[in-house]
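Here is what each chain is made of, one letter per residue.
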Amino acid sequence: MKHITRYFLKIRNAAVFFVPITIIALSLFLSPTTIMKETKYPLESTVTPKEISLEKSWERKNLTPVVDHNPGTSSRPFRNRPYRIANIQGTTKAYITLPGTENYPGSKVALLDTKTRTIETKIKVGIAPYGIASHPSGKWVVVTNRFSNFLSVINTENQTVEAEIPVPFYCDDLVFSKNGKMLFISNFWKNQVIVVDINVSNQKLTGKLRHLGFDRVDFFGSQKIKSEQWHVCEICGWRSKTETKCKQCGHKMVSQDIETIIHEKTGVGSILRASCGTTQCHMYRTAGFYAGNDKEESFRSAAIHSATLLASVISTKDGGWADGVDGRHHPKGVIFEDLENNSDYKRIADWIANGDEGPGIAVGNKPRDLLLSPDGSTLYVANTGSLDISVIDIKTMSETKRIFTRSPVNDLVWVDGRIIIATLGVGSGHPKQHDSGRESLDRNNPQTEFSIFRDKNTGKPLPLEQQVPLGEFDDIDGTAQEKFRDITNDLVILHPDADNVASYKTTRLFTRYTSDSFESMAGDTKGDVDKELMKVVGAFPEQIVNVKNRIYVSMSGTFEVQEWEVDRSEKTASHLHPLRIFKTEFKPGGISFANGHLIVLNQLSDSITFINLESGESTNISLREDAPEFPSNEFERGEFFVQTSIFSADQDQSCVHCHYRDTSDGKAWSVSQVMGQTRNGKERTGGSREIPDIRILTQKIPLFLEGILSIDEPLTMMMEHNPLIDFSEKTPVADLTDIFSDTTNQKSADSIVVATTAALKLNGINLSDLIKRREIFFETLSKKYFGTSYSFRDFQKFIGVYQAGASRLLPNPMDKNDLMVQIGKELFNSPKVGCAGCHPAPAFTDKINVYNQNKSFPPLVTPAKRDNIHTLISADRIDYLNGYIREWDKQDKGRVEEHEGFYVAPSLRGIWARPPRFLHHGHAVSLREVITTPKHIALRHFATERKDVSRPGNMETGLNELNGVPDIHGVTSHLSVWEIECLIKFIQSI
């Protein structure tokens, strides 16, 4: 049993297994090296290993950016978008990556002289240069290129690219080992850390990708071969070590090297073939599994089926299901018995337990920044999609644990035995804890919460007697704030021994700080978080630099750098003390220190800010060249709103807090679209919603899962950032309480929203006054940042132009010719499976053939308890009902949710690039959960214990059912493990 237990404990999650051999054998990013692990068996000096390899030459490749799909898109200036910076110690040189934008990527690295503050030159590298790191010698910097399948090595003496190192596409951050002999790289596509072995010779740095996947040598077997020189007769073949003339036929003999096998170890593949292939069961692909003559195909099949391979051939008493009676069984019965003494079983179990996809180290989802411990023994990986930090043991090259953060981690630094992380808040709009009153189904309970079904003609809520009790919460999140008030900005100082820092506490292992304005607004719940922990100034902590006993954090949402002093004493649990605030230009990100100055890269402004730490004074230099200042048009003004926090009432929120990296922050949020109400009309947190991508929106209209929004009506989201009730008191930005309106005309969407009107009645506040205050708020801030005053409604138009003006879709790195992709495509388009019926190419969503104007379908998967609790009404519809005419779109009368629980088919384009939160309620945490039926054989165990969702046995849950009926969301229950993996791989290639 110990081997099956070890197998299940060490098994990787679904993402680890469905591509292993395809990546190893077919992908084009492989380096020209032998694809194998170093043999585990030592060789004598007279013996050379006979390598089993798929020798494949590397082909230099670039991904083609996705062009804008809107034919009416206006021309825009090229933007460099400076991202990361690497200083060369002991010099005045610093190198800055200039990735550009998704649709118009750059290909340059700028060389900055930190003393003269001038750009000396720009060096051409790959496409979309991203991360950058200096070799310990200072003689080279290495650059990751997201859209190129190689690293660029820049010689810092002559400023030329002297080498390119093959790696997968979408490499992100990178860090050298202390001795400079290894390079660790986070990979956004593979969800891995890639390892490159560095070689420095003849004053040149080169590197080779280390392949860490399933052990090929152990699978194919290994040999020890002794090579000796013999004299061999050319005529009869007689040989001798000493004679030069043949004693049998008299002819001349020639020298030859003769190889002799002195030891041979049977491979795992041979064991599988003997057990499964030669029995005729799997000599050919049967039920998707193959163990035949083709060694490469056998390797591919074993790797893909690794998660279920052993369970299918051992008995239920040993933890398998070969002799089970639940429909999952092996038709030939139990193959492996007496597991403790079965050497063949042990070999296969060890091969699976010690393997993963490769070519790198499997970590969490969407890894980003890296941190190497001072002793070089441990690597920490910030996973922005799975909301945690992977801890990697460098000696074993494997993940040992996860530190759960419940939020995307942007950066990590090491200070005096502690790790400091820049991250976002732990909230997701849900209640802090379960409440039997609020969750009651009893209509007479005074705390019971009800639906908000609306009159479709007026948009106003129906009477309470026509509403239904809501019942159990979808989730709880650890804060008392709800809806968008849960958006905040955090710094955490933690001990490496910590494994869960997802709460606002001061403990021995961690202290988590949050926004200074977290409880400052009129509508905020007060007294939930200790005041000593609300010290983070500004929004969206992006990058950290450590200077002596202080750290400096770039706050990209509010254009600031916050200074913190690190408390090095052990007498207090409070480890960070806020000090000064420095201003930058728009959206600061990368940050470093040189010559007594902070050097800050401003992404939207295309500029660099230098901050003198002694005087506090700052200066800026531009990288724009001939381009106009940002924002130069309506598109960029909309981008300003989406990407920053300036135009939110407390300047703590932005669209990209939730739509992280323009996709998702990896959570299922509870927001206005799933709100319930109390019996007195107060809005309360309801259910969950996945966070949709805000890329390629022109192919997703109508927007929202309910299909009610046009491309240019983000009004309800703008209201979430600026709820009118918050303008009834002084805000962190301004005191507007002395401003009153001279009219009662309320042509505003707020007049129909329950929370606002209920609160106004309670407090006796005039709605028109609050509308005017918000208007002045927008006009004042736009004048400050844009030089011209713009109204709240102007920004609605700007955001619409931004959403329609560029696809921002990342080019897909998957090989469309991959065998699994091709098989998956056939399954996807097959009427026996049915995926293409609702997700037809080329947009992979149906916005044409659905019979209602919202393009929405009846439910196709089991709903969550609070799914259908709120009739959604679009901002356009509210405008129409209020008599407000939008001058830029006079024809649109808006939509209202026609049928509660109907949802549009979301576009599958770019789904590979988002964190795994799927379905309308966001309950699916992998694509496998989306397409498989409950208890499907293809479901996998997770690599580590999940702390964010409930999964019995730490195993995936098939969600392809409706009210207990399977195969509603595609007919997949009959598909084999192989077919499920092929289907997933095709969906990821879309």
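As a reminder, the structure under discussion sits directly above these lines.
Summarised in this report is the structure supplied together with it. Predicted, not measured: the structure shown is a model, and the values here were computed from it.

## Brief notes about the overall build of the chain
- Scanning the chain from N- to C-terminus turns up 19 helices and 40 strands.
- For the chain, whose C-alpha radius of gyration is 30 Å, the value lies close to the compact-globule estimate of 30 Å for 990 residues.
- When the backbone C-alpha atoms are referred to their principal axes, the chain occupies close to 120 × 75 × 60 Å.
- Considering the chain as a whole, with its 990 residues, one finds that 62% of them fall into the buried category.

## Points about the state of the cysteines
- Considering all chains together, one arrives at zero disulfides under this definition.
- Free cysteine C233: the closest other cysteine sulfur is in C249, separated by 3.4 Å.
- Distance from the sulfur of C835, which forms no disulfide, to the nearest cysteine sulfur (C838) is 9.2 Å.

## Observations regarding helix α9 (residues 634–643)
- With nine of its 10 residues buried, α9 lies for the most part within the structure.
- Looking at α9, one finds that the buried residues are F635, E636, R637, G638, E639, F640, F641, V642 and Q643.
- Looking at the packing, one finds that the buried side of α9 touches α10 (655–658), α11 (715–721), α13 (767–786) and α14 (792–805).
- Two or three places before F635, at the start of α9, stands the capping residue N633, its side-chain oxygen 3.3 Å from that residue's backbone nitrogen.

## Things to note about the packing of aromatic side chains
- Tallied over the entire structure, the rule returns 43 aromatic pairs.
- When the ring centre of W189 is taken as reference, the NZ or CZ atom of K190 above it lies at 3.6 Å.

## Structural notes on the packing of α9 against α14
- At a minimum axis distance of 7 Å, the contact between α9 and α14 shows a crossing angle of 100 degrees. When the axis of α9 is compared with that of α14, the two are roughly perpendicular. Each of E634, F635, R637, G638, E639, F641, V642 and Q643 in α9 lies in contact with α14, whose residues at this interface are F795, K797, F798, I799, V801, Y802 and G805.
- Looking at side-chain class alone, the contact of α9 with α14 contains eight nonpolar, three polar and four charged residues.

## Regarding the environment of R808
- Considering the arrangement of structural elements, one finds R808 in the loop between α14 and α15 (819–829).
- You can call R808 buried: its relative accessible area is 4%.
- Along the sequence, R808 and G385 sit 423 residues apart, while their C-alpha atoms lie 19 Å from each other.
- Only 3.5 Å separates the side chain of R808 from the side chain of Y802, close enough to count as a polar contact.

## Thoughts on a negative patch on the surface
- A contiguous patch of negative charge on the surface is contributed by D323, E337, D338 and E340.
- Within the secondary structure layout, E337 lies in the loop between α7 (306–309) and α8 (343–353).
- Overall, the relative accessible area of 52% leaves E337 in the exposed class.

## Looking at the sheet that holds strand β18 (residues 367–372)
- Read across the open sheet, the four strands follow the order β18-β19-β20-β21; overall the sheet is antiparallel. Each having just a single partner strand, β18 and β21 (398–404) make up the two edges of the open sheet. In this sheet, neighbouring strand axes are inclined to one another by 25 degrees on average, regardless of whether the strands run parallel or antiparallel.
- Bridge count for strand β19 (residues 378–383) against strand β20 (residues 388–393) is six bridges, and the pairing is antiparallel. When the bridges of β20 are listed, N383 appears paired with D388.

## What to know about the pairing of strand β24 (residues 489–494)
- Across the six residues that make up β24, a large majority, six, are buried.
- Side-chain alternation along β24 places N489, L491 and I493 on one buried face and D490, V492 and L494 on a second face that is also buried.
- As judged from the six bridges shared by strand β23 (residues 418–424) and β24, these two strands associate in the antiparallel manner. Looking at the pairing, I421 lines up with V492 of β24.
- Pairing analysis gives four bridges linking β24 to strand β25 (residues 510–515), with the strands arranged antiparallel. The partner of I493 across the bridge, within β25, is T511.

## Observations regarding the sheet that holds strand β7 (residues 140–145)
- The four strands are arranged β6-β7-β8-β9 in an open sheet whose pairing can be described as antiparallel. Two strands bound the open sheet, and with one partner strand each, they are β6 (129–134) and β9 (160–166). Adjacent strand axes in the sheet meet at a mean angle of 25 degrees, parallel and antiparallel pairs treated alike.
- Here β6 runs beside β7; their pairing, made up of four bridges, is antiparallel. Following the sheet pairing, A133 is matched in β7 by V142.

Conventions and cut-offs
- Residues numbered from 1 in each chain as written.
- Predicted model: local features only at pLDDT ≥ 70, side-chain atom pairs only at ≥ 80, totals over all residues.
- Heavy atoms only, no water.
- Helix = DSSP H or I, 4+ residues; strand = E, 2+ residues; numbered from the N terminus.
- Rg over C-alpha atoms; globule rule 2.2 N^0.38 Å.
- Buried < 20%, exposed > 50% of the residue type's maximum accessible area, 1.4 Å probe, protein only.
- Disulfide = S-S within 2.5 Å.
- Contact = heavy atoms within 4.5 Å.
- Polar contact = N/O pair within 3.5 Å; in protein donor to acceptor, adjacent residues only side chain to side chain.
- Phe/Tyr/Trp six-rings, centres within 6.5 Å; stacked < 30°, edge-to-face > 60°.
- Lys NZ or Arg CZ within 6 Å of the ring centre and 35° of its normal.
- Axes fitted to C-alpha atoms, helices over the stretch in contact; angles between N-to-C directions.
- Parallel < 35°, antiparallel > 145°, perpendicular 65-115°, else oblique.
- Nonpolar A, V, L, I, M, F, W, Y, C, P; charged D, E, K, R; others polar.
- Patch = residues over 30% accessible without salt bridge, like charges linked within 9 Å, V, L, I, M, F, W, Y side chains within 5 Å.
- Areas by Shrake-Rupley, 256 points an atom, 1.4 Å probe, with all protein chains shown as cover.
- Salt bridge = Lys/Arg side-chain N within 4 Å of Asp/Glu carboxyl O.
- Lys, Arg positive; Asp, Glu negative; His and termini not counted.
- Charge placed at Lys NZ, Arg CZ, Asp CG, Glu CD.
- Pairing = 2+ DSSP bridges.

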